[in-house]
Protein chains: 2
Amino acid sequence: MSIIKIHSSLRDYEVHLSSVSNYLQELTCLEHKAFLVDENVWQYHANGILKVLPRTEMLLFPALEEKKTLEGAQDIYEYILGRSAKRNLTLVTIGGGILQDVTGFAASTLYRGINWIFIPTTLLAQADSCIGGKTSLNYKGYKNLIGTFYPPMAVWIDPCFLGTLQTQDFFSGLGEVIKLHIMGGEPKIQQILQEYDLICNKDAITLKSAIQTSLEIKGSYITDDEFDRGKRNMLNYGHCFGHALESVSNFYIPHGQAVIVGMILANHIASKRRILTKERCQFFEEKLLMPSLKTQMKPGYFQSDAIIEAMKKDKKRTGSGLVLVMINESDEMIRVDDLEEYEVRDALEVTGKKVIHHEKTN
Amino acid sequence: MSIIKIHSSLRDYEVHLSSVSNYLQELTCLEHKAFLVDENVWQYHANGILKVLPRTEMLLFPALEEKKTLEGAQDIYEYILGRSAKRNLTLVTIGGGILQDVTGFAASTLYRGINWIFIPTTLLAQADSCIGGKTSLNYKGYKNLIGTFYPPMAVWIDPCFLGTLQTQDFFSGLGEVIKLHIMGGEPKIQQILQEYDLICNKDAITLKSAIQTSLEIKGSYITDDEFDRGKRNMLNYGHCFGHALESVSNFYIPHGQAVIVGMILANHIASKRRILTKERCQFFEEKLLMPSLKTQMKPGYFQSDAIIEAMKKDKKRTGSGLVLVMINESDEMIRVDDLEEYEVRDALEVTGKKVIHHEKTN
């Protein structure tokens, strides 16, 4: 079993990479507990690893964006209150990012915070979102507008859940895994290149190692900047364009896939600005980014007016210019807030064509 | 000007005791700001100290319990979003505890936390609630069920606001001031005894000093236990019964007045348990607690079944017994969770009579 320790000013916590079987058994022995389980995950694992869960202390929750709202959080309050639970109840979430966001928000706000344990079941949640303590709700068309910082007391990662993940969701998670490995610098980039095929084939040992590396790299960014005022912002590599692409595609593009295209776009601009060589840009594109693109992209997603409009709405933008996080030739992350619209238009035109051509030839 | 520094794992912040006039002028110069002002406070000070506030960047908010809800928080989200505000907006709250609770919740959850400055205007908020970082919302009949820990960036206390406070509200605040002085031990008890008449006459200098002492004592309890898992719980002296009395009176009794009766009840039980002498119990009662009771109490408020029922619902109760915080003969705070119902019945009978008799003779 591997354990990663995460420091947080709210509470230090541990991420366990191991079979969750015995731990679930332990949790069922707690006096006051409630299990919030993703409906899909339950479907696949009700007779397997989740068999031990007490049906009377379990709420099945749909992993839908429209449930990631104040209304969804209220469903969770009601469920817990209906069980005359007390402040020392432990809430155990078993699911992906959506469940993490809404149950984490509910756990952080009920009684100003109850015990919370998270067992992530998607690659995105296991390799990325499970640490960092962000909880989020959508609000009236604004994605993730509302939220808190509230780390779980413990995270337990069991790769067994990845076996039943849909292909789209797997490749969405892969986007963040690749991003984090690139941010980890040359040795990690070489590592993922070597392991790439095994990862795509969902080889359990390789996946576990890639998840661990991803979390260690992310951990190094969040420890010094838990509340996202500086260094942590660099994790937005691929996200400045990524969020805009998700929005313009009306959330048809899965998050991690949008991040992949976002990295291609950011690299293009970095290369035009001469902070990344064309060769390095091409290397990332050909070896890691393009091969991981599995979502069908439409030319409409690359319309520059719509993308620029969406980028202007980015909640992390505080000045008047557009913001971009890029990587330079020395694998250092750089954030600029003077991105010009013509650079965006150029990047979208070139990249849009490439991405759509790539699909046709694959 | 006096400054009290408060340590918090989320952020350290300062409480300034001084005229807020120049500071308000400074705040109006911020590029992105919004002022949330208590309707009543505005009525009294619109042409005075609050004259500098820009009307176009100000929302008047009613200090009503029914606005201290998720709906009230949404009113604040909407107001801020309607001004196309960004994540670097500073929200300035000017009001009492209700405004602190609901605007603090909104500030802590919008974009996972925006800049927030609190200018408390009631004695309760100035001398007690403004530090500690608790935000609260009522939820479906449950008082303060939802909330976060989110300290303001700065607190600015100007006693000028106390001049326009209603008598009931003033004596509600006095309850917490007395509680904190008692918790501060013998020197602070002697201090408030000496200053009592001046405080009741709202002498500005004495009030400022009593507020400062109250905050310093509270500060010593919250610094080591910000998230209220241990020592901070002692601040609940007077609150175990106090919350129940508020609830049974359908919130007719103002909070701090209920805390005063709660201290009388807790002292009675402490004396019966022989951890406080009858003399000391009587001393607190005659010198500080009874004289500060200004709310008319009805015999119905002391019905033991209703009080016990309400105490069982206390959100801080995690075991099966009833919880009580008491003071002992050495001015040390003690928390027990084995309070027996017969002790509660006895205390209510004796104290109920005393309180109602006290009113009749005053």
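Calculation notes
Residues numbered from 1 in each chain as written. Chains lettered and ligands numbered in written order. Predicted model: local features only at pLDDT ≥ 70, side-chain atom pairs only at ≥ 80, totals over all residues. Heavy atoms only, no water. Helix = DSSP H or I, 4+ residues; strand = E, 2+ residues; numbered from the N terminus. Rg over C-alpha atoms; globule rule 2.2 N^0.38 Å. Buried < 20%, exposed > 50% of the residue type's maximum accessible area, 1.4 Å probe, protein only. Contact = heavy atoms within 4.5 Å. Areas by Shrake-Rupley, 256 points an atom, 1.4 Å probe, with all protein chains shown as cover. Lys, Arg positive; Asp, Glu negative; His and termini not counted. Charge placed at Lys NZ, Arg CZ, Asp CG, Glu CD. Pairing = 2+ DSSP bridges. Axes fitted to C-alpha atoms, helices over the stretch in contact; angles between N-to-C directions. Buried area = accessible area lost by both parts, 1.4 Å probe. Salt bridge = Lys/Arg side-chain N within 4 Å of Asp/Glu carboxyl O. Polar contact = N/O pair within 3.5 Å; in protein donor to acceptor, adjacent residues only side chain to side chain. Nonpolar A, V, L, I, M, F, W, Y, C, P; charged D, E, K, R; others polar.

**Student:** Can you tell me about the overall build of chain A, naming the residues and giving the values?
**Tutor:** What chain A contains, in helices and strands, is 13 helices and 11 strands. The C-alpha radius of gyration computed for chain A amounts to 20 Å, which stays within 12% of the reference 21 Å derived for 362 residues, consistent with globular compactness. With the C-alpha coordinates of chain A rotated into their principal frame, the extents come out at 60 × 40 × 40 Å. Buried residues in chain A amount to 62% of all 362 residues. Across chain A, every contact between residues at least 6 apart in sequence was considered, and the portion connecting residues at least 24 apart equals 73%. Entry remark: accessible area of chain A is about 14,100 Å², with carbon and sulfur atoms responsible for 49%. Distance between charge centroids for chain A: 2 Å, based on 40 positive and 44 negative side chains.

**Student:** Residue-level account of the sheet that holds strand 6 (residues 115–120) of chain A, with values.
**Tutor:** Residue and element names in this part refer to chain A. If you trace the seven strands from one edge of the open sheet to the other, you get 1-2-9-6-5-3-4, paired in mixed fashion. Strand pairing shows two members of the sheet lacking a second neighbour, strand 1 (2–6) and strand 4 (58–61), which therefore form its edges. Adjacent strand axes in the sheet meet at a mean angle of 15° when their direction is disregarded. The strands touched by helix 8 (residues 204–222) within the sheet are strand 1, strand 2 (13–17) and strand 9 (154–157), with strand 1 carrying the most contacts at an inclination of about 15°.

**Student:** Give me the interface of chain A and chain B: which residues, what numbers.
**Tutor:** Between chain A and chain B, the contact holds 37 residues from the first and 37 residues from the second. Interface area for chain A against chain B, summed over the two sides, is near 3,600 Å², with a carbon-plus-sulfur share of 53%. Counting the contacts that link chain A with chain B gives four salt bridges. In this structure, Arg87(B) engages Asp228(A) in a salt bridge whose closest nitrogen and oxygen atoms are separated by 3.9 Å. Joining chain A to chain B, the criterion identifies 16 residue pairs in polar contact (both at pLDDT 80 or more). Counting only elements with at least two residues in the side of chain A that touches chain B, the list comes to helix 3 (70–82), helix 4 (97–109), strand 7 (134–139) and strand 8 (142–149) of chain A. At six residues, the largest contribution of residues to the side of chain A that touches chain B is made by strand 8 of chain A. Tallied by class, residues from the side of chain A that touches chain B come to 13 nonpolar, 13 polar and 11 charged.

**Student:** Pulling in residues and values, what's your account of the pairing of strand 3 (residues 33–38) of chain B?
**Tutor:** Residues and elements named next belong to chain B. Burial runs high along strand 3: six of the six residues are buried. Here strand 3 shows a buried face lined by Lys33, Phe35 and Val37 and a second buried face lined by Ala34, Leu36 and Asp38. Direction of pairing for strand 3 relative to strand 5 (residues 90–95): parallel, over a ladder of five bridges. Within the sheet, the bridge partner assigned to Leu36 lies in strand 5 and is Thr93. Pairing analysis gives four bridges linking strand 3 to strand 4 (residues 58–61), with the strands arranged parallel. Residue Phe35 lies in a different strand from strand 4, and its bridge partner there is Met58.

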